[in-house]
Amino acid sequence: MPQLTKSAELFELAKKFIPGGVNSPVRAFKSVGGTPIYMAKGEGAYMTDVDGNTYLDYVGSWGPFILGSMQPRVTAAIEYTLRNIGSSFGTPIEMEIEIAELLSRIVPSIEMVRMVNSGTEATMSAVRLARGYTGRDKIIKFEGCYHGHGDSFLIKAGSGVLTLGSPDSPGVTKGTAADTLNATYNDIESVRLLVNENKGDIAAIIIEPVAGNTGVIPAKKEFLVALRELCDQEGIILIFDEVMCGFRVALGGAQELYGVTPDLTTMGKIIGGGLPVGAFGGKRQIMENVAPLGAVYQAGTLSGNPLALTAGLETLKILMEENPYPELERKAAFLEAGFRENMQKLGLNYVQNRVGSMACLFFTETPVVDYKSAITADSAKYGKYFHSMLDQGIYLAPSQFEAMFTSFVHTEEDLEKTVKANYNALVAAHQ
Ligand code: HOZ
């Protein structure tokens, strides 16, 4: 069991100056109990905390580290840019064209793209663009999907708000809440109903095509196809939020995997290679409405800064050159099979959802296809499971409703260790 003396001291100090002691809520460990662990160093698939304990990392900075932390080529490229180019100019730079061209080559829906600084900025901007383009106000999202912390999205949202058990946030105006309609994931009739009740008023439907913030919930292909058709019929902009699943479930994201092309796509995480980045892009006809070409305003002091672009570009180049996806699938499937075998031995039958290297073990026997089925999972059991894994040196997301990310640098030995730890943690969860 790790000694966490220094982490505990730092958390006490942090609470004096930072709300809840953290800069993003889930990492506060509120739903799993205990106090957060302060990390001192990350390398490959491992993190070491301030007390000197080392953990096998399945959070990967919440998604970006598909190639592991401090990937040597990415680190060298960042270092080169910092020493030879600079950290920010606030002017156009050539690298912006390189990444825009690359993204338009990789992601099926993208013809034009705008770089921003986070996934939240990307989704807020994409929805504003959809509203500006269509002249309509309302949007449809899905219960339990999380699209960052923009006001429009904090209605029945997933991720931290679901983890803390308050999926609606104070501070969102009644007007904004009224413009956000919530449908049921994987249920096209629930979407049709809202569209018919709000005929001609819906600007956009935004969805995580692999939901990753209510645990992991794959969309059914026929559901995405039906969404596409409905949007075409009704003149609604279909937005895929691929901040989490983009470049993760396939190089071209969920849209490549499912063969369904949205009008706009939001991106982040992997395309920042561990530095803060987001992007939104899509059909030229729509993107041409973004300022200064069009009237829909969007801007950012650090947007397109060379450091973040370098990290993203190098990550994308490695993904293109090495095609880690079959290997990632094999590794994540090994974990899934190992966990299933452990559960069989223990007479347990919990649900595992997985798309490529995004996975979730839900502490429920109810198939998880949407928000309502996801919240049948027993968070208290997950908390015990989480702490037992942690005691065995494995760092999972401190919430039942987040994804477990396997990376390219998890070794056979790491995976075997994880399967063994899973057995012990399943036992611990039931004591
Ligand atoms: N809410 C994000 C994960 N889905 C990030 C959480 C964090 O960085 O603490």
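Residues numbered from 1 in each chain as written. Predicted model: local features only at pLDDT ≥ 70, side-chain atom pairs only at ≥ 80, totals over all residues. Heavy atoms only, no water.

Colleague: In this structure, what is going on with helix α1 (residues 5-17)? I would like to understand it.
Modeller: Every α-helix carries 3.6 residues per turn, so stepping three or four residues along brings you back to the same face. Those residues of α1 not exposed but buried are Ser-7, Phe-11 and Ala-14. Viewed along the axis of α1, the buried residues span an arc of 65°, placing them on a single side of the element. For α1, the exposed residues lying more than 90 degrees away from the buried face are Glu-9 and Lys-16. (Buried < 20%, exposed > 50% of the residue type's maximum accessible area, 1.4 Å probe, protein only. Helix = DSSP H or I, 4+ residues; strand = E, 2+ residues; numbered from the N terminus. Arc of directions from axis to C-beta.)

Colleague: Explain the packing of aromatic side chains to me, please; I cannot follow it from the model alone.
Modeller: Given two aromatic rings, one states the distance between the centres and the angle between the planes to describe the pair. Applying the stated criterion to the full structure yields twelve aromatic pairs. Here the aromatic rings of Phe-363 and Tyr-382 are separated by 6.1 Å at their centres, their planes lie at 75°, and the arrangement is edge-to-face. One end of the pair, Phe-363, is in the loop between β14 (358-362) and α13 (371-374); the other, Tyr-382, is in helix α14 (residues 379-391), and 19 residues separate them in sequence. A residue is classified by how much of its surface remains accessible, and Phe-363, at 3% relative accessible area, is buried. Clustering of aromatic rings is evident, with ring pairs tying together Phe-29, Tyr-55, Tyr-350, Phe-363, Tyr-382, Tyr-385, Phe-386 and Tyr-395. (Phe/Tyr/Trp six-rings, centres within 6.5 Å; stacked < 30°, edge-to-face > 60°.)

Colleague: Is there a simple way to think about the sheet that holds strand β7 (residues 202-207) in this case?
Modeller: Hydrogen bonds between backbone groups are what pair the strands of a sheet, and the pairing can be parallel or antiparallel. Read from one edge of the open sheet, seven strands run β4-β12-β11-β10-β7-β5-β6, paired in mixed fashion. Bordering the open sheet on either side are β4 (112-116) and β6 (180-183), each of which pairs with just one other strand. Ignoring which end each strand starts from, the neighbouring axes of this sheet average 20° apart. The pairing of strand β10 (residues 237-241) with strand β11 (residues 264-268) spans three bridges and is parallel. In the strand pairing of β11, Phe-240 is matched with Thr-265. Seen against the sheet, helix α8 (residues 221-234) touches β5 (138-142), β7 and β10 and runs at an angle of roughly 165° to β7. (Pairing = 2+ DSSP bridges. Axes fitted to C-alpha atoms, helices over the stretch in contact; angles between N-to-C directions. Contact = heavy atoms within 4.5 Å.)

Colleague: What is the right way to read the environment of Pro-2 from this model?
Modeller: Relative to the assigned elements, Pro-2 resides in the segment before α1. By relative accessible area, Pro-2 is classed as buried at 18%. Residues Pro-2 and Thr-265 lie 263 residues apart in sequence; the distance between their C-alpha atoms is 42 Å. Residues contacting Pro-2, with those up to four places away along its chain left out, are Asn-53, Tyr-55, Leu-390 and Asp-391.

By themselves, these figures tell us nothing about what the structure is for.
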